[in-house]
There are 2 protein chains.
Amino acid sequence: MLDRIHLTIIQEVEKQGSLTAAANVLCLTQSALSHSMKKLEQQLGTDIWLREGRSLRLTQSGQYLLEVANRVLPQLTLAEERLRQFSQGERGTLRIGMECHPCYQWLLKVVSPYLAAWPDVDVDVKQKFQFGGIGALFGYEIDMLVTPDPLYKTGLHFQPVFDYEQVLVVGPQHRLRNAGFIQPEQLAEETLITYPVEIDRLDIYTQFMMPAGISPKRHKPIETTDIMLQMVASGRGVAALPRWLVSEYTTKFDVAPVRLGKHGIAKQIFLGIRESDAHIDYVKAFVELAQARHDMQEHKA
Amino acid sequence: MLDRIHLTIIQEVEKQGSLTAAANVLCLTQSALSHSMKKLEQQLGTDIWLREGRSLRLTQSGQYLLEVANRVLPQLTLAEERLRQFSQGERGTLRIGMECHPCYQWLLKVVSPYLAAWPDVDVDVKQKFQFGGIGALFGYEIDMLVTPDPLYKTGLHFQPVFDYEQVLVVGPQHRLRNAGFIQPEQLAEETLITYPVEIDRLDIYTQFMMPAGISPKRHKPIETTDIMLQMVASGRGVAALPRWLVSEYTTKFDVAPVRLGKHGIAKQIFLGIRESDAHIDYVKAFVELAQARHDMQEHKA
DNA sequence: CATAACGTATGAATAATATTCATCAATTTG
DNA sequence: CAAATTGATGAATATTATTCATACGTTATG
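Predicted, not measured: the structure shown is a model, and the values here were computed from it.

1. Side note on the protein's contact with DNA strand C
In the region of DNA strand C, 20 residues are neighbours, and Thr29, Ser31 and Lys39 of chain A together with Lys38 and Arg51 of chain B sit closest. Within 4 Å of the protein, atoms of DNA strand C come from sugar and phosphate in 58% of cases. Here Thr29 of chain A contributes a backbone N or O atom positioned 2.6 Å from a phosphate oxygen of DNA strand C. In the model, a phosphate oxygen of DNA strand C is placed 2.7 Å from a nitrogen or oxygen of the Thr20 of chain B side chain.

Here's what the structure looks like:
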C-alpha cells in the first residue's frame, strides 16, 4: 500500500540525490530505504527508479509519485500542525449559545476583543435549541451558553458575568416618566412591548406583575430593540429592558428608565461551559475575559 | 506520525458508526483499531473521539481529521490507480523526437489514430536536441525518435516505417518540368529552396549534387512547406521534397515532381525506441501502428 | 430489574514487518 | 589501478502491529 513513508522517501531521495544521503536525513539506513522501496515497487508492479550504475533516475511512475508526494505531504504536515494547535487550545471553534436578548448585547462587547486576541479561533453564535440551552450544552451542540438562568448540574460550570437592573422604559410625556419607581398596578392600563418569547421568560411578568396578579392592557411582541424603542418613544407602549441598554439609546430616542418596584429588579447573566472543556486554552480565555469585565463592573458600582 | 491507516480508520469508523464494524470492513480486529488510534491520540496529544458510553463522538480534532481523510485519501487511491495504469502501459507520456521535416508530415498521420486508440496517453513532440536525436533517446529526453538516419546500437531498436522518393519540385513553365529525370548539372543555374538545416542533412546535396561536385546558383532557406511551394509555384526556385508530399500539394499549387537522377533518390524514415521500453504497451502499440501502415504502403507499391 | 447483547479498552502473547548488519557488485574518482 | 562511494541483497534482529482473552461499562429486552 502506498504509504506516507514512501512519498517521504521519494521526495527526500530527489532532494538529496541518492538513497544513502536521503537515508541519513531520514535517520534510517540505506538498506532500509532500498528494502522499503523495492517492496513498494513490487506491490505497484512498476519501477520507481531506473538503476543506472550507482545512480537513480525517476521513471514516469516515479515522477508521478514525486508530484503526488509534493502535493500530499504538505497536506499531512499542515494537518499535524493544526492538530498540535488544537491540542494546545490555540485553535478551534467556539460555538456560543444564547437564550436572552440582553445576552446578545453583552456578547457583542466581549467577542470583539476576544477575536482580536485569538485570531485562530472561530466564534459561532446560535440562538435556537431543540432541547433548550442546557440541552445544547450537554449535547455538544454548543460549547458555551450565555443565559440568565443557570442550572448548577454536575458536568457544567456557570459563573455570573454581568449584573444589571431591569427597568421600565417609557416615552416622552408619559405619565410615569418622573415617578421614582412604579407599582405593578400602574401597568394595568399600559401596552407592554416585549421580545417575542414565552411569558415565563419575561422577568417583568414573573417577578413583577404576576406576583401581584396584574396583566397589561395589551401585549405586543417586537423582534428588534430599535423598533421597540421607537414605538416606546412615540407613546405606543412601554417596555422592560436592562438599564444600561436604555442608557445607550437615550441619545437616539426620547425614552427614560423607571425602576420596577421600590428596590428594582436585579438580574444577572451567566456564562456556562462543560467542565470537561474548562482546560481548553481558548475556552478558558473567554471565561477569564468575561470574568475580568465582571470584576471591572463591580468595582465601578 | 499521522499515517494513511489512521485516516482510513477515521473515515471507516464514521461510515460504519463503530470501531467494531469498521474493524470488520478493514479486515482487522476491534482491538487493533483501538490500539492504533490510542497510540495516535497519544502522539498528537489530542483525543480524536469522545468516549460516551459505548459510542464514539468525534472531537473537533477528530472532525478536522475526518475532513483531511476525505480530502487526502482519494488522492492516494487515485495515485495507486494511475500507477496501476502506468504499470499496465495504459497510461503515460510518449515523448517523440523528430529530426526531419518529412518525418513531421508522416507523424501527423500516425498520431491522430493513435491518440484515439490510447486516450490516456499524452504525446509530446520535440524537435531540438542538445546531443542529437540518438543522444536524446539515450538520455531519456525522448522515448521515441523519428529519423531518416538510424543508428543500430545496443539498447536501441530501429525499424523503417515509411519509404518514399525524394524528388525535385518545379513550378509551371519550368524548363525541367517535363524531363523524365534530371542530372545534377541541370541544377547549377537554379535557385534551390530548402528547410533551414545544415547542408549535410539535405539529401539533394549529399546524395545528388555533392557527388557530382555541383552547387546551385543560389540557396534559400525557408521554414514552412507552404511558403516553400508557393515560391516554387511562382517560379522563384526549385525544391527537393518527398514525392508523396508534392502529390498532396498539386491541387493547391501548380507544381510538379521531377526524378533526381535516372533511378531517383530512395529514402526511408525510421522509428527508434529504447529496447528497454519495447514491452510498454502504449509504446509497443505505437510501433505496431507504424509497422501496419508501412506494410500497407508496401502492399500498394 | 436481572440479564443478554453489544461496544470499547487493555495487557500479554504472538505474528508480521521494518530495520540493521555484513557483504557483494558495480561505478566513479583521484 | 586503488580507494571510495553507491545500491542491492540475504540473514539476523529489533520493532511494531495485531490478535487473543478478558474486563468494564452501556443499552436493550423480556
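The rest of the description comes next.
2. Concerning the packing of helix α1 (residues 4-16) of chain A against helix α4 (residues 60-87) of chain A
All names here are of chain A. Packing of α1 against α4 leaves a shortest axis separation of 8 Å and a crossing angle of 115°. Considered as vectors, α1 and α4 are oriented roughly perpendicular to each other. Crossing angle aside, the handedness with which α1 passes α4 is left-handed. Taken together, the residues of α4 that come into contact with α1 (itself represented by Arg4, Leu7, Thr8, Ile10, Gln11 and Glu14) are Gly62, Leu65, Leu66, Val68, Ala69, Asn70, Val72, Leu73, Leu76, Thr77 and Glu80. Tallied by class, residues from the contact of α1 with α4 come to nine nonpolar, five polar and three charged.

3. As for the domain arrangement of chain A
All names here are of chain A. Split by domain assignment, chain A resolves into domain 1 (4-86), domain 2 (92-160 + 270-300) and domain 3 (163-266). Centre-to-centre, using C-alpha coordinates, domain 2 lies 27 Å away from domain 3. With 10 residues of domain 2 in contact, the opposing surface of domain 3 contributes 10 residues. At the boundary of domain 2 with domain 3, the tally comes to one salt bridge. Across the salt bridge formed by Glu248 and Lys109, the nearest N and O atoms sit 3.1 Å from each other.

4. A few points about the nonpolar core
Among the nonpolar cores identified, the biggest contains 52 residues, and Leu7 and Trp49 of chain A together with Leu7 and Trp49 of chain B are the most heavily contacted of them. Elements with a contribution of two residues or more to this core: α1, α2 (19-25), α3 (30-44) and α4 of chain A together with α1 (4-16), α2 (19-25), α3 (30-44) and α4 (60-87) of chain B. Val146, Ile193, Tyr195 and Phe286 of chain B belong to the second largest nonpolar core, which has 45 residues in total.

5. Considering a nonpolar patch on the surface
Taken together, Ile5 and Leu28 of chain A together with Met1 of chain B make up a surface patch of nonpolar side chains, about 250 Å² in accessible area. With respect to the element layout, Met1 of chain B can be found in the segment before α1. Classification of Met1 of chain B by relative accessible area gives partly exposed; the value is 48%.

6. Structural notes on the packing of aromatic side chains
Where two aromatic rings form a pair, the distance of their centres and the angle of their planes describe that pair. Evaluated as defined, the whole model comprises 14 aromatic pairs over all chains. Ring centres 6.2 Å apart and planes at 35° place the aromatic pair Phe162 of chain A and Tyr164 of chain A in the tilted group. For the pair formed by Phe162 of chain A and Tyr164 of chain A, the shared burial category is buried. Judged by centre distance (6.4 Å) and plane angle (20°), the ring pair of Tyr114 of chain B and Trp118 of chain B falls under stacked. One aromatic cluster in this structure is built from Tyr114, Trp118 and Phe286 of chain A. For the cation-ring pair, Arg274 of chain A lies above Tyr140 of chain A, with the distance from its terminal atom to the ring centre recorded as 4.0 Å.

7. Structural notes on the relation of the copies chain B and chain A
Turning chain B through 180° and shifting it by 0.0 Å along the axis lays it on chain A, with an RMSD of 0.2 Å. Put plainly, the chains are arranged around a two-fold axis. Interface overlap between copies: 100% of the residues of chain B at the interface are likewise at the interface in chain A, consistent with a symmetric, same-surface contact.

8. A look at the interface of chain B and chain A
Each partner contributes to the interface: chain B provides 33 residues, whereas chain A provides 33 residues. Interface area, chain B with chain A, both sides summed: about 2900 Å², of which 61% is carbon and sulfur. The largest share of the area that chain B buries against chain A comes from Gln60, Tyr64 and Leu83 of chain B, three residues that together contribute 23% of it. Along the contact surface separating chain B from chain A lie zero salt bridges.

9. Regarding the protein's contact with DNA strand D
Taken together, 19 residues lie around DNA strand D, and Thr20, Lys38, Arg51 and Arg54 of chain A together with Ser31 of chain B are the ones closest in. Put simply, 56% of the atoms of DNA strand D that lie within 4 Å of the protein are in sugar or phosphate. A distance of 3.0 Å is found between a base oxygen of DNA strand D and a side-chain nitrogen or oxygen belonging to Ser31 of chain A.

Rules and cut-offs
Residues numbered from 1 in each chain as written. Chains lettered and ligands numbered in written order. Predicted model: local features only at pLDDT ≥ 70, side-chain atom pairs only at ≥ 80, totals over all residues. Heavy atoms only, no water. Near = heavy atom within 4 Å. Polar contact = N/O pair within 3.5 Å; in protein donor to acceptor, adjacent residues only side chain to side chain. Axes fitted to C-alpha atoms, helices over the stretch in contact; angles between N-to-C directions. Helix = DSSP H or I, 4+ residues; strand = E, 2+ residues; numbered from the N terminus. Parallel < 35°, antiparallel > 145°, perpendicular 65-115°, else oblique. Left-handed = near helix turned anticlockwise from the far one by under 90°. Contact = heavy atoms within 4.5 Å. Nonpolar A, V, L, I, M, F, W, Y, C, P; charged D, E, K, R; others polar. Domains from an automatic or database assignment. Salt bridge = Lys/Arg side-chain N within 4 Å of Asp/Glu carboxyl O. Core = buried A, V, L, I, M, F, W, Y, C linked by side-chain atoms within 4.5 Å. Buried < 20%, exposed > 50% of the residue type's maximum accessible area, 1.4 Å probe, protein only. Patch = residues over 30% accessible without salt bridge, like charges linked within 9 Å, V, L, I, M, F, W, Y side chains within 5 Å. Areas by Shrake-Rupley, 256 points an atom, 1.4 Å probe, with all protein chains shown as cover. Phe/Tyr/Trp six-rings, centres within 6.5 Å; stacked < 30°, edge-to-face > 60°. Lys NZ or Arg CZ within 6 Å of the ring centre and 35° of its normal. Least-squares fit on C-alpha atoms with pLDDT ≥ 70 in both. Buried area = accessible area lost by both parts, 1.4 Å probe.

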